[in-house]
Amino acid sequence: MLLSREIRRELSDGKAIVVRRSWLVRFVPNGRGIAVEGKQASASVDAPEKLRPLAELEEQRDTNGMFPILLSADGRIVGAGSGQDADDIAKAVQIAEGLIAKSNRTPTQKSEAVQYLGAIQAAGGSLLETLPPDLFYPSGREMRQHRDIALPDGATGEIELVYASSSLAGESWLERASRDIVTRLGNSERVSSEIWRMVPVESSGSTGNGT
């Protein structure tokens, strides 16, 4: 099977960063449950030119550490590795801080931007990095979450997540799953979206044994 994920993150200037990644996966018995084994097949990033250093870092990131993903007998995720290395996170933050430093902001605005970056990452980053429990065998139930953000200047923000998923017609496994995250800070609002899909390798146009 070919599992794919597309993440879109809106930027303050109205532009966006789009990350597309895919993995060849197969399902194997594991005790009373299932182990999903996989290997990254592709990665690409669309981003504004000024963010190219971040885009290149993301394209080079190896996510094979997330496998194997362990499922219970009813198909829910009960264990997985990490697809995000601590060194990669540190590099990304360092690059982002460098881009802020080079921007046409006042020293005070630059300092505030770095602090806000950390607060938003801490509050919202984990929401997209955590796999939905029913990703491979969708429950079909919509899920909503809210989380408040405490900002460095004492103000507050809000993060809202909406998750929905569906199974392939006539089957129990994933066809499509989506998560939308809305971050509200004062009068501003930004949206991050994520779409997962899974198709047989023959239907994806790829070659190889992924089932």
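The structure contained in this document is the topic of the report that follows. All values derive from a computational prediction rather than experimental measurement.

1. Overview of the environment of glycine 186
So, point 1. Among the structural elements, glycine 186 can be located in the loop between β8 (174-185) and β9 (188-199).
So, point 2. Overall, glycine 186 belongs to the exposed group, its relative accessible area being 68%.
So, point 3. Sequence separation of glycine 186 and glutamate 158 is 28 residues, and the distance between their C-alpha atoms is 9.1 Å.

2. Focus: the nonpolar core
So, point 1. Core analysis: the biggest nonpolar cluster contains 24 residues, and Leu3, Val25, Ile69, Leu135, Phe136 and Trp196 have the highest contact counts within it.
So, point 2. Put simply, the parts of the chain that give this core at least two residues each are β2 (16-30), β4 (69-71), β7 (156-167), β8 and β9.
So, point 3. Looking at which element gives the most residues to this core, the answer is β8, with four residues.
So, point 4. Listed in part, the five residues of the second largest apolar core include Ile17, Val45, Leu51 and Ala55.

3. A short note on the side chain of glutamate 58
So, point 1. With respect to the element layout, glutamate 58 can be found in helix α1 (residues 52-60).
So, point 2. A polar side-chain atom of glutamate 58 sits 2.8 Å from a polar atom in the side chain of arginine 61.
So, point 3. When sequence neighbours within four positions are dropped, the list of residues in contact with glutamate 58 reads Val19, Arg21 and Val45.

4. Brief notes about the packing of aromatic side chains
We describe a pair of aromatic rings using the distance from one ring centre to the other and the angle between the two ring planes.
So, point 1. Per the counting criterion, the structure on display carries three aromatic pairs.
So, point 2. Taking the centre distance of 5.7 Å and the plane angle of 85 degrees together, the rings of phenylalanine 27 and phenylalanine 136 count as edge-to-face. With phenylalanine 27 in strand β2 and phenylalanine 136 in the loop between α3 (107-129) and β6 (143-150), this residue pair connects regions lying 109 residues apart in the sequence.
So, point 3. On the basis of relative accessible area, phenylalanine 27 is assigned to the partly exposed category, the value being 27%.
So, point 4. Ring geometry for phenylalanine 27 and tyrosine 137: centres 6.3 Å apart, planes at 75 degrees, overall edge-to-face. In this pair, phenylalanine 27 is assigned in strand β2 and tyrosine 137 in the loop between α3 and β6, connecting sequence segments 110 residues apart.
So, point 5. For tyrosine 137, a relative accessible area of 23% puts it in the partly exposed group.
So, point 6. One aromatic cluster is present, formed by Phe27, Phe136 and Tyr137 through successive ring pairs.

5. Some words on the sheet that holds β9
Within a beta sheet, neighbouring strands are joined by backbone hydrogen bonds and run either parallel or antiparallel to one another.
So, point 1. Here we have nine strands laid out as an open sheet, ordered β5-β4-β3-β2-β1-β9-β8-β7-β6, and antiparallel in their pairing. Of all the strands in the sheet, the pair left with one neighbour each is β5 (77-79) and β6. Each neighbouring strand pair of the sheet contributes to a mean axis angle of 25 degrees, computed without reference to strand direction.
So, point 2. Of the pairings in the sheet, the one linking strand β3 (residues 33-46) to β4 comprises three bridges and is antiparallel in character. Across the sheet, residue valine 36 finds its bridge partner in β4, namely isoleucine 69.
So, point 3. Relative to the sheet, α1 contacts β2 and β3, its axis offset from that of β3 by approximately 150 degrees.

6. As for the environment of aspartate 180
So, point 1. By the element assignment, aspartate 180 lies in strand β8.
So, point 2. Excluding residues within four positions of it along the chain, aspartate 180 makes contact with Glu160, Leu161, Val162, Ser192 and Ser193.

Calculation criteria
- Residues numbered from 1 in each chain as written.
- Predicted model: local features only at pLDDT ≥ 70, side-chain atom pairs only at ≥ 80, totals over all residues.
- Heavy atoms only, no water.
- Helix = DSSP H or I, 4+ residues; strand = E, 2+ residues; numbered from the N terminus.
- Buried < 20%, exposed > 50% of the residue type's maximum accessible area, 1.4 Å probe, protein only.
- Core = buried A, V, L, I, M, F, W, Y, C linked by side-chain atoms within 4.5 Å.
- Polar contact = N/O pair within 3.5 Å; in protein donor to acceptor, adjacent residues only side chain to side chain.
- Contact = heavy atoms within 4.5 Å.
- Phe/Tyr/Trp six-rings, centres within 6.5 Å; stacked < 30°, edge-to-face > 60°.
- Pairing = 2+ DSSP bridges.
- Axes fitted to C-alpha atoms, helices over the stretch in contact; angles between N-to-C directions.

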